[in-house]
Amino acid sequence: MSWKRTCFISLSTILSAMVPFYAIATPVAQNETPSVSLHGLESIGIDTWTQLLQKGREAGLPVSELRPLLHETVITAKNEQQTFKKIREILKTARLHSVDDYRDLGLMLLELRQEMRQRSDLPLKSLQDSLYLLQLMAEESLYIGSKKFTNFPPEISFSDKVSTFTKTGSLRQFSVQTGDVVLSKSTGFGSSSFIALTMDHPHIYSHSTPVYIDAKGEVLSPEAEIEDGVKLRNMRKDYVEGSKTRMYIYRFQGTEPGVPEKVVAGMENLVAEMFQRSGGDPYNKAAFLYDFSMTPGEASTRGLFCSSVAYEAYSRAGLNNSANPYEKSLWSPINKGREVLLRSLNMNTYRVPAPGDMELNKNFRLVGARVDVTKLHQDRIEMAIIDTFLAELDTNKEAMARLSAALEGVASKSVDKEGLLKMANSGLLPKEFADKAALIQKIPDSINLKQMAFFALLNEVMTPKLRSILLNEVSSLEKQGRLVGPMELRQMVRAQKQTIETELTAFEQKLTAITGVGLCGKVLL
């Protein structure tokens, strides 16, 4: 899905002048306890975990001796609430006083999370929420450790022993092969957190892509990105040199015979079509459009989005059952509170193979995992911003209706890039936009104006301004010796909320201005 660094050209500049959602602080009444969202985990008291980590403990069991106790909890707890309470009580008996203690605790929870994935006795909701909870607890351990110790390691990684069926390549320190699926999340874009939190249950990923090892041994991927559709990309750029906050690699390890050979055949079929559709150059020319409708199938006409690429490749190999990482029974339902918003953005689907859904497929085992600890500080703030934003739309139906109506008033046709270029060259574009004419060609071919408007608002207005505010507030509290937990972060976001009426009025006015007979009215097809 990867809505991460789209160039919105003149529209983004227009929208940057808009009064953003939550841009103006509104004090919370003294007698009011505003509701906050942790996407299904509001009642577990996660901030007590943060407080426990910050306090630490100079005596007790070594963290290394906690594994049997934590393992027992992970494989027997009946739900996420019980998992949290038991792990928290176990930690109260441990020594937590050094870099190694915090690192080992975080790493242990990440590893035990993989054992939680194999449980078949938990209802799907509890399993999904428990996986999210364990990741949150592990990353809080790493985050708090990085704040307490200047020499804390900048990244945490681990790998698992799984069978290799074909020739391999190297992705960081991990050995990968054709058909492996890489799940990831970037930090720095509100849309990345938006994707992770849009489904009915929370995910820790916003992007998915399969691995393809070519004849020369290069680690490539037929990867869908919003900026330029589906191309055959060298994974070194984003997954080694890039800035992924977290990256997990999975491989089929089921018992069904012949799957590895079929997977290679399916990937080869997809890549061959990419060469054919791109005139022999899928490295520089998109073979498929990016599918904003988020509806797998009909790749040749509709296009593909991130997780549908792996689904498509495995389907071409005749693997539509549990040997497909995104088998249909695991697809996430869209959160009911988000359906209206997504339909307004022309994403007319009710179930979608979200990037993290493949973690529910027990036939796929972890190859390797990496967390960039240096990015957790910002990522947890961005997740709080988007979670609070979506919760506000869930609870304020009038606000959601007005936002939807404003978006519905914007044309759904694609932007005419040729028209924009002619306007730039003729001087019709306002002066402040004319120097950006060279960027026009980077507009995604399949995006429309309403999608550009919404994600420009999300990535270039709301998230940056709120992130700046919260980073300053959190830094100020840190200087006082206090670290803020996930729920308190969401309270801080709500404290920046402007009235929905003012927000929607400003948004409606701006959309009306750009879609009338003026500039953008001339740009639409």
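Please read these numbers as outputs of a predicted model, since none were measured by experiment. (Residues numbered from 1 in each chain as written. Predicted model: local features only at pLDDT ≥ 70, side-chain atom pairs only at ≥ 80, totals over all residues. Heavy atoms only, no water.)

**Q** What is the right way to read the overall build of the chain from this model?
**A** Helix and strand content of the chain: 20 helices and 12 strands. For the chain, buried positions account for 58% of its 525 residues. When contacts within the chain are restricted to residue pairs at least 6 apart in sequence, those whose partners lie at least 24 apart make up 80%. (Helix = DSSP H or I, 4+ residues; strand = E, 2+ residues; numbered from the N terminus. Buried < 20%, exposed > 50% of the residue type's maximum accessible area, 1.4 Å probe, protein only. Contact = heavy atoms within 4.5 Å.)

**Q** Sorry if this is basic, but what is going on with the sheet that holds strand β7 (residues 219-225) here?
**A** Each strand in a sheet pairs with its neighbour through backbone hydrogen bonds, running either in the same direction (parallel) or in the opposite one (antiparallel). Reading across the sheet, the three strands line up as β6-β7-β8 and stay open at both edges, with antiparallel pairing between neighbours. Each end of this open sheet is capped by a strand with a single partner; those strands are β6 (212-213) and β8 (229-234). The pairing of β7 with β8 spans six bridges and is classified as antiparallel. The residue of β8 that forms the bridge with Ser221 is Arg233. Those strands touched by helix α9 (residues 259-277) are β6, β7 and β8, and its axis lies near 110° from that of β8. (Pairing = 2+ DSSP bridges. Axes fitted to C-alpha atoms, helices over the stretch in contact; angles between N-to-C directions.)

**Q** What am I meant to see in the pairing of strand β2 (residues 168-171) here?
**A** Regular strands place side chains that alternate from one sheet face to the opposite one. Alternating residues of β2 divide into Gly169 and Leu171, all buried, and Thr168 and Ser170, none buried. The sheet contact formed by β2 and strand β3 (residues 174-177) spans four bridges and is antiparallel. When the sheet's bridge partners are listed, Ser170 is paired in β3 with Ser175. Counting the residues that bridge the hairpin from β2 to β3 gives two residues, and of these Arg172 lies at a positive phi of roughly 55°.

**Q** Would you mind going over the pattern of salt bridges with me for this structure?
**A** Here the idea is simple: oppositely charged side chains can pair when their charged atoms come close. Scanning the model with the defined rule gives 30 salt bridges in all. Here Glu225 ties to Arg233 by a salt bridge, and the two come within 3.9 Å at their closest N and O atoms. Grouping residues by exposure puts Glu225 and Arg233 together as buried. As a salt-bridge pair, Asp379 and Arg246 come within 3.3 Å of each other at their nearest N and O atoms. Of this pair, Asp379 sits in helix α13 (residues 376-395) while Arg246 sits in strand β9 (residues 244-252), placing them 133 residues apart in sequence. For Asp379, a relative accessible area of 3% puts it in the buried group. A network of salt bridges, in which partner residues are shared, links Glu223, Glu225, Asp228, Lys231 and Arg233. (Salt bridge = Lys/Arg side-chain N within 4 Å of Asp/Glu carboxyl O.)

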